[in-house]
2 protein chains.
Amino acid sequence: MTGQVRTVDGRVAGRRGQETRQKLLDCLREMLSTSPYRDVKVIDVARMAGTSPATFYQYFPDVEGAVLEIAEEMAKDADTLKELVAGKSWAGKSGPTTSEELVDGFLAFWRKNDAILRVVTLGAAEGDKRFFKIRMTVLNAVAKPLAEAVKELQAKGQADKSLDPNAVAGALVSLLASAAEHQKAFTSWGVKVKDLKPNLAPLVYLGVTGKKAPK
Amino acid sequence: MTGQVRTVDGRVAGRRGQETRQKLLDCLREMLSTSPYRDVKVIDVARMAGTSPATFYQYFPDVEGAVLEIAEEMAKDADTLKELVAGKSWAGKSGPTTSEELVDGFLAFWRKNDAILRVVTLGAAEGDKRFFKIRMTVLNAVAKPLAEAVKELQAKGQADKSLDPNAVAGALVSLLASAAEHQKAFTSWGVKVKDLKPNLAPLVYLGVTGKKAPK
DNA sequence: AACTTGTCCTGTCATGCCGTCAGCTTACCG
DNA sequence: CGGTAAGCTGACGGCATGACAGGACAAGTT
């Protein structure tokens, strides 16, 4: 699979080295969630990890390189999001439940990784292919199975066939991502955080099935 | 109204000064659309403007301060977005048209200002109040009148009353913003850029009215 | 215990950007 | 033409960057 962990100059990292490396990543993650991305400096991360800038550069080419590492870690974790949609039913009473669980699970995941996802989102928007790919991995964990669900409903004649399932799924996932990243915006619209789920879920259900949620 | 333009150390800027200042802003805007935000340096902006870093610091406290300036300019411009919704009808055949024009206008605005909006979005997500406010100004230009439209439809019994109009409007605007910022994501889902509008418009219509778009 | 080997860390250095200030130049006005 | 305020920059201390060489350290060998 992935070869062993290597330093920038090609050596293989041993136990102690991996620990230091991990500590640097942890401190960077911490740093990202407390200061603006633009202000995160190598020297601060190194200081927090109780080591020197030179050590940082032994394991990562620059801040961005280390961020990518964290992001890839998170992208693996995003695999669990698949379960929120795959194999779930959108028919009858279970439909709204599926929708609610999806919204809830997605928001929770985003909240848990908000700092790193912010940077990934920025990188992707700026056209960086590596960040773009990572963002797609996360979104696809939900979008792919969701598109399948829409396709199935269309085939059964239970949804509007004039819409592209990929577009619908993509739009819904985009909505969830945006809502998760900017929860404060909803607060300022008078929608409390705890009301976010009950308001988003019917919209997702509406998007997938094309009809109002039954109550 | 707004006092005259002032330098950081309190002098009032004259004709020449304002020109230099504007040139710096223009170069910064250009810079933002060609390099990652993290890599935009004062010295590069100054060089591009054919002046010195010290001059930059005469007009702006730092890069962020100058970016805020550009963003505020854009926020004013966003006022025109109101017309995409205010006074438009969602009934009958004109509904889908309204929806299409909204999607089209919004995407166009975002595309035109994508570089600065990227930074605003990041700043808002990082919790910076100034950027958050600017982002809300832009989104509210659409979200407020859209929420009004939903309220009216609900009052007439033509839309689902169990949903919070503010939440619905907010969600739809979030969707549009996210789609605009990450058009490439849709491309990778097999949705061509020119198919974005025809796919988003029905979803917006669906969200506002709660029913399928008539064809 | 001395030696070897390869990993791991840091002191140091050249380079370049940051942000400030004093002082020079330019434009305007009476 | 002289005064005044605006406008610009050279120069500087401070700090981050990124590279390297050499020393510390752990683990196994003789």
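Here is what the cut-offs are and how they apply
Residues numbered from 1 in each chain as written. Chains lettered and ligands numbered in written order. Predicted model: local features only at pLDDT ≥ 70, side-chain atom pairs only at ≥ 80, totals over all residues. Heavy atoms only, no water. Helix = DSSP H or I, 4+ residues; strand = E, 2+ residues; numbered from the N terminus. Contact = heavy atoms within 4.5 Å. Areas by Shrake-Rupley, 256 points an atom, 1.4 Å probe, with all protein chains shown as cover. Phe/Tyr/Trp six-rings, centres within 6.5 Å; stacked < 30°, edge-to-face > 60°. Buried < 20%, exposed > 50% of the residue type's maximum accessible area, 1.4 Å probe, protein only. Lys NZ or Arg CZ within 6 Å of the ring centre and 35° of its normal. Domains from an automatic or database assignment. Least-squares fit on C-alpha atoms with pLDDT ≥ 70 in both. Near = heavy atom within 4 Å. Nonpolar A, V, L, I, M, F, W, Y, C, P; charged D, E, K, R; others polar. Core = buried A, V, L, I, M, F, W, Y, C linked by side-chain atoms within 4.5 Å. UniProt positions renumbered as here; feature names shortened; annotations may be inferred. Axes fitted to C-alpha atoms, helices over the stretch in contact; angles between N-to-C directions. Parallel < 35°, antiparallel > 145°, perpendicular 65-115°, else oblique. Left-handed = near helix turned anticlockwise from the far one by under 90°. Buried area = accessible area lost by both parts, 1.4 Å probe. Salt bridge = Lys/Arg side-chain N within 4 Å of Asp/Glu carboxyl O. Polar contact = N/O pair within 3.5 Å; in protein donor to acceptor, adjacent residues only side chain to side chain.

Focus: the overall build of chain A
- Along its length, chain A carries 10 helices and 0 strands.
- In chain A, the order of α-helices and β-strands from amino to carboxyl end is α-α-α-α-α-α-α-α-α-α.
- Seen through its principal axes, chain A has C-alpha atoms that stretch 60 × 40 × 30 Å.
- For chain A, restricting intrachain contacts to residue pairs at least 6 apart in sequence, the fraction spanning at least 24 positions comes to 64%.
- As displayed, chain A has an accessible area near 10200 Å², and 51% of this comes from carbon and sulfur atoms.

Here's the deal with the packing of aromatic side chains
- Here the structure, examined in full by the defined rule, presents 10 aromatic pairs over all chains.
- On the numbers, 6.5 Å between centres and 40° between planes, the contact of W90 of chain A with Y205 of chain A is tilted. Of the two residues, W90 of chain A sits in the loop between helix 4 (63-77) and helix 5 (94-112) while Y205 of chain A sits in helix 10 (residues 193-209), which places them 115 residues apart along the sequence. Comparing W90 of chain A with Y205 of chain A shows no difference in burial state: the two are buried.
- Put simply, the rings of F56, Y57 and F60 of chain A pair up and form one aromatic cluster.
- Just above the ring of F132 of chain A sits the side chain of K184 of chain B; from NZ or CZ to the centre is 4.7 Å.

Considering the domain arrangement of chain A
- In terms of domain boundaries, chain A breaks down into domain 1 (1-61) and domain 2 (72-209).
- In this structure, domain 1 of chain A and domain 2 of chain A have C-alpha centres spaced 32 Å apart.

Looking at the relation of the copies chain A and chain B
- The two copies are related by a screw operation: chain A maps onto chain B through 180° of rotation and 0.0 Å of translation along the axis, at an RMSD of 0.0 Å. Each copy turns onto its partner about a two-fold axis. Minimal C-alpha separation from the rotation axis in chain A is found for L175 of chain A, amounting to 2.2 Å.
- When the interface residues of chain A are mapped onto chain B, 100% of them are again interface residues, pointing to one common binding face.

Structural notes on the protein's contact with DNA strand C
- For DNA strand C, the set of nearby residues contains 20 residues, the closest of which are G14, G17, T20 and T51 of chain A together with Y57 of chain B.
- Of all DNA strand C atoms lying within 4 Å of any protein atom, the proportion belonging to sugar or phosphate reaches 66%.
- Among the elements of the structure, helix 1 (15-32) and helix 3 (53-59) of chain A together with helix 2 (42-48) and helix 3 (53-59) of chain B are those that each provide at least two residues to the surface near DNA strand C.
- Residues of the surface near DNA strand C, tallied by class, amount to 8 nonpolar, 7 polar and 5 charged.

As for the nonpolar core
- Within the largest apolar cluster, 160 residues are counted, with the highest numbers of intra-cluster contacts made by L146 of chain A together with L146 of chain B.
- With near-sequence residues (within four places) excluded, L146 of chain B lies in contact with V85, W90, L102, A169, L172, V173 and V208 of chain B.

Thoughts on the UniProt feature "DNA-binding region" (unreviewed entry) in chain A
- Per the UniProt annotation, the sites labelled "DNA-binding region" (unreviewed entry) are residues 41-60 of chain A.
- For the annotated span residues 41-60 of chain A, helix accounts for 70% and strand for 0% of the residues, and the straight-line distance between the end C-alpha atoms is 13 Å.

Let's talk about the packing of helix 7 (residues 129-155) of chain B against helix 8 (residues 165-181) of chain B
Residues and elements named next belong to chain B.
- At their nearest, the axes of helix 7 and helix 8 sit 8 Å apart, and the two run at 135° to each other. Overall, the two elements helix 7 and helix 8 adopt an arrangement that is oblique. Viewed along their axes, helix 7 and helix 8 form a crossing whose handedness is right-handed. Counted together, L139, V142, A143, L146, A147, V150, K151 and Q154 of helix 7 and P165, N166, V168, A169, L172, V173 and A177 of helix 8 form the full contact between these two elements.

Some thoughts on the interface of chain A and chain B
- With 45 residues of chain A at the interface, the matching set in chain B holds 45 residues.
- Around 4300 Å² of area is buried between chain A and chain B when both sides are counted, 65% of it from carbon and sulfur atoms.
- Taken together, chain A and chain B are joined by 0 salt bridges.
- Summed over the shared surface of chain A and chain B, the number is 15 residue pairs in polar contact (both at pLDDT 80 or more).

Describing the protein's contact with DNA strand D
- Surveying the vicinity of DNA strand D reveals 19 residues, the closest of which are R11, G14, G17, T20 and T51 of chain B.
- Near the protein, within 4 Å, the atoms of DNA strand D are sugar or phosphate in 69% of cases.
- Within the backbone of G14 of chain B, a nitrogen or oxygen atom sits 2.6 Å from a phosphate oxygen of DNA strand D.
- The set of elements that each furnish at least two residues to the surface near DNA strand D consists of helix 2 (42-48) and helix 3 of chain A together with helix 1 (15-32) and helix 3 of chain B.
- Counting residues per element, the surface near DNA strand D draws most heavily on helix 3 of chain B, which supplies 4 residues.
- Of the residues belonging to the surface near DNA strand D, the class tally is 8 nonpolar, 7 polar and 4 charged.

Things to note about the pattern of salt bridges
- In the structure shown here, the tally under the stated rule is 27 salt bridges over all chains.
- R47 of chain A is the salt-bridge partner of D44 of chain A, the closest N and O atoms lying 3.5 Å from each other. Remark: R47 of chain A and D44 of chain A occur in helix 2; sequence separation between them is 3 residues, near one turn of the helix.
- A residue is classified by how much of its surface remains accessible, and D44 of chain A, at 24% relative accessible area, is partly exposed.
- The closest approach of N and O atoms between R130 of chain B and E64 of chain B, which form a salt bridge, is 2.8 Å. Here the residue R130 of chain B occupies a position in helix 7, and E64 of chain B occupies one in helix 4 (residues 63-77), the gap between them amounting to 66 residues.
- Note on R130 of chain B: relative accessible area 41%, which makes it partly exposed.
- One salt-bridge network, in which partners are shared between bridges, spans E64, D128 and R130 of chain A.

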